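# Structural overview for review
Here's the letter readout for the chains.
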Amino acid sequence: MTELLGLPVVSLTGTMQEYNVPAIDAIIRGFSDFGKNCFVFDLNKLVYSDDTDLKALTEILKSSSKYLRIHVVCSGESRRKLKEAELDKRIHLYSTTDELADLLKSVTSMDEI
């Protein structure tokens, strides 16, 4: 795990498959369990084996947004589909980590994002 201007960053790579869902859910819930309320989820290098895998990830994000603010970095088709999924206002989408870093540099409080 790395950091981006003080925020923890979880980067997923490889192919997303249904059996990955519990592990991803556990990672996200771990942030809440350890008192974190915000993190970056970099999905730019994640490949989906089919649409059901992206839908499963979307459901994890939706259920996690009740207690976490999640900054999701993704592009292409996955970004388009996540935008269409009507995610909670606590989930923010960015095309690149640079885009998110620019925003983080411009805010005075993490509550602003």
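Residues numbered from 1 in each chain as written. Predicted model: local features only at pLDDT ≥ 70, side-chain atom pairs only at ≥ 80, totals over all residues. Heavy atoms only, no water.

In this section: the pattern of salt bridges. For the structure shown, the criterion picks out 5 salt bridges. Across the pair glutamate 77 and arginine 80 runs a salt bridge, and its minimum N-O distance is 2.4 Å. Pair noted here: glutamate 77 and arginine 80 are both in helix H3 (residues 76-84), with a separation of 3 residues, about one helical turn. For glutamate 77, the salt bridge goes to lysine 81, with nearest N and O atoms at 3.6 Å. Taken together, the positions of glutamate 77 and lysine 81, both in helix H3 and 4 residues apart, correspond to about one turn of that helix. For glutamate 77, a relative accessible area of 43% puts it in the partly exposed group. Linked by salt bridges that have partners in common, Asp51, Glu77, Arg80, Lys81 and Glu84 make up one network. (Salt bridge = Lys/Arg side-chain N within 4 Å of Asp/Glu carboxyl O. Helix = DSSP H or I, 4+ residues; strand = E, 2+ residues; numbered from the N terminus. Buried < 20%, exposed > 50% of the residue type's maximum accessible area, 1.4 Å probe, protein only.)

Right, let's get into unusual backbone geometry. Notably, leucine 5 is not glycine yet its phi reads approximately 50 degrees, a positive angle. Its place among the elements puts leucine 5 in the loop between strand S1 (2-4) and strand S2 (7-16). Its identity is not glycine, yet glutamate 86 carries a phi of approximately 55 degrees, on the positive side. Taking relative accessible area as the criterion, glutamate 86 reaches 70% and is therefore assigned exposed.

Within strand S3 (residues 38-48), 8 of the 11 residues are buried, leaving the element largely enclosed by the surrounding structure. Taken together, S2, helix H1 (residues 21-33) and S3 form a β-α-β motif whose crossover is right-handed. Alignment of S3 against strand S4 (residues 69-73), held across 5 bridges, turns out to be parallel. Bridge pairing in S4 links cysteine 38 to arginine 69. (Right-handed = clockwise from strand over helix to strand, strands pointing away. Pairing = 2+ DSSP bridges.)

Core analysis: the biggest nonpolar cluster contains 25 residues, and Ile28, Phe41, Leu43, Ile70 and Val72 have the highest contact counts within it. The element that contributes the greatest number of residues to this core is S3, accounting for 5 residues. Not counting residues up to four positions away in its chain, the partners in contact with isoleucine 28 are Phe39, Phe41, Ile60, Leu61, Ser64, Leu68 and Ile70. Ranked by size, the runner-up nonpolar core spans 10 residues in total, among them Val40, Val73, Ala101 and Leu104. (Core = buried A, V, L, I, M, F, W, Y, C linked by side-chain atoms within 4.5 Å. Contact = heavy atoms within 4.5 Å.)

Attention now goes to the packing of H1 against helix H2 (residues 51-64). Put simply, H1 and H2 touch, their axes get as near as 10 Å, and they point 25 degrees apart. As summarised for this structure, H1 and H2 are arranged roughly parallel, according to the angle between their axes. In the packing of H1 onto H2, the handedness of the crossing is right-handed. Between H1 and H2, the residues in contact are Val21, Ile24, Asp25, Ile28 and Arg29 and Ala56, Leu57, Ile60, Leu61, Ser63 and Ser64, respectively. Grouping the amino acids of the contact of H1 with H2 by side-chain chemistry returns 7 nonpolar, 2 polar and 2 charged. (Axes fitted to C-alpha atoms, helices over the stretch in contact; angles between N-to-C directions. Parallel < 35°, antiparallel > 145°, perpendicular 65-115°, else oblique. Left-handed = near helix turned anticlockwise from the far one by under 90°. Nonpolar A, V, L, I, M, F, W, Y, C, P; charged D, E, K, R; others polar.)

Spatially, the 5 strands line up as an open sheet ordered S1-S2-S3-S4-S5, and their pairing is mixed. Each end of this open sheet is capped by a strand with a single partner; those strands are S1 and strand S5 (91-94). Each adjacent strand pair in this sheet contributes to an overall mean axis angle of 30 degrees, direction not counted. Of the strand pairs in this sheet, S4 and S5 are connected by 4 bridges, and their pairing is parallel.

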